[in-house]
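# An overview of the molecular structure
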Amino acid sequence: EDVTRYNLMNSVSLLQKRSGLLKDVIILDTGSTIPATFMNDAFLTDIRPSERHMNMTTNAGSKILKQKGNLRSFGEVWYDETQAINLLGFAELQDRYKIDYDYNRDEFTVHFAEGGPIVFERCTEGLYLFKPSDKFIQWVASTKTGNDGESKPRSAQSKPRSARDEKSINFVDE
């Protein structure tokens, strides 16, 4: 059995046993070629069938993703409530934003355009996780009800590389 597959699946399995499903955290995934996939509808708005489907292949197997949702200020993400995790792809974030790594703390800081930086901390299983606050969930809910859904201009800390980078993410308390 592939050691990498075993380690990733073992880590996810251990985390699920320790804290239930990982629906309340977001994983920073350095191996993902998909910008973002989510299973927690509380983080998303406008969940809908996708005109095109995605055949996602992971260490756990293959799955066809048939729905999309919007992550406020980020844009479209793939959605499947049966997935085990919510994840943001490191490469996509690196293309859009400045990312720092703190060797001493063993954590990644992503400098989003809105709300300031967020920190993905390393857990004991070796994955880098971020747990959005209740305020984030309320902020998303306000978009679902039509309140305060406007995105703000990008900050000086943003890292634009192309026209597609004119979107932003907000995961932190303002």
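The residue numbering used here restarts from 1 in each chain and proceeds along that chain's sequence as written. With pLDDT at 70 or above as the cut-off, local features in this predicted model cover only qualifying residues; side-chain atom pairs require 80 or more to be listed or tallied, and sums for whole chains, interfaces and linings still use all residues. Computation of side-chain values: all heavy atoms of the structure, hydrogens and water removed.

## Section: the overall build of the chain
How we decide: Put simply, DSSP marks the helices as runs of H or I at least four residues long and the strands as runs of E at least two long, and each gets a number from the N terminus on. A simple rule labels every residue: compare its accessible area, found with a 1.4 Å probe on the protein chains alone, to the largest value its type can have, and call it buried under 20%, exposed over 50%, or partly exposed in between. Whether two residues are in contact is decided by their heavy atoms: any pair within 4.5 Å suffices. Residue burial considers only the protein chains on display, and all accessible areas are found by Shrake-Rupley using a 1.4 Å probe.
Each helix and strand counted, the chain has three helices and ten strands in total. Moving toward the C terminus, one meets the helices and strands of the chain in the order α-β-β-β-β-β-β-α-β-β-β-β-α. A burial count over the chain gives 43% of its 174 residues as buried. For the chain, contacts bridging at least 24 residues in sequence account for 62% of all contacts bridging at least 6. When the accessible area of the chain is evaluated, it comes to approximately 9,800 Å², of which 49% is carbon and sulfur surface.

## Overview of the environment of Phe-108
Looking at where Phe-108 falls in the secondary structure, it is placed in strand E8 (residues 107–111). Each C-alpha atom of the pair Phe-108 and Glu-121 lies 6.7 Å from the other, and the pair is 13 residues apart in sequence. Leave out the neighbours within four places in its chain, and Phe-108 touches Leu-28, Phe-90, Ile-99, Asp-100, Tyr-101, Ile-118, Val-119, Phe-120 and Tyr-128.

## Some remarks on the pattern of salt bridges
Spelled out, the test is: Definition used for salt bridges: Asp or Glu carboxyl oxygen within 4 Å of a side-chain nitrogen of Lys or Arg.
The full count for this structure, using the stated rule, is eight salt bridges. Between Arg-96 and Glu-92 there is a salt bridge, with the nearest N and O atoms lying 2.8 Å from each other. Taken as a pair, Arg-96 and Glu-92 lie in helix H2 (residues 90–96) at a separation of four residues, close to a single helical turn. Judged by its relative accessible area of 6%, Arg-96 is buried.

In short, shape yes, function no, at least from these values alone.
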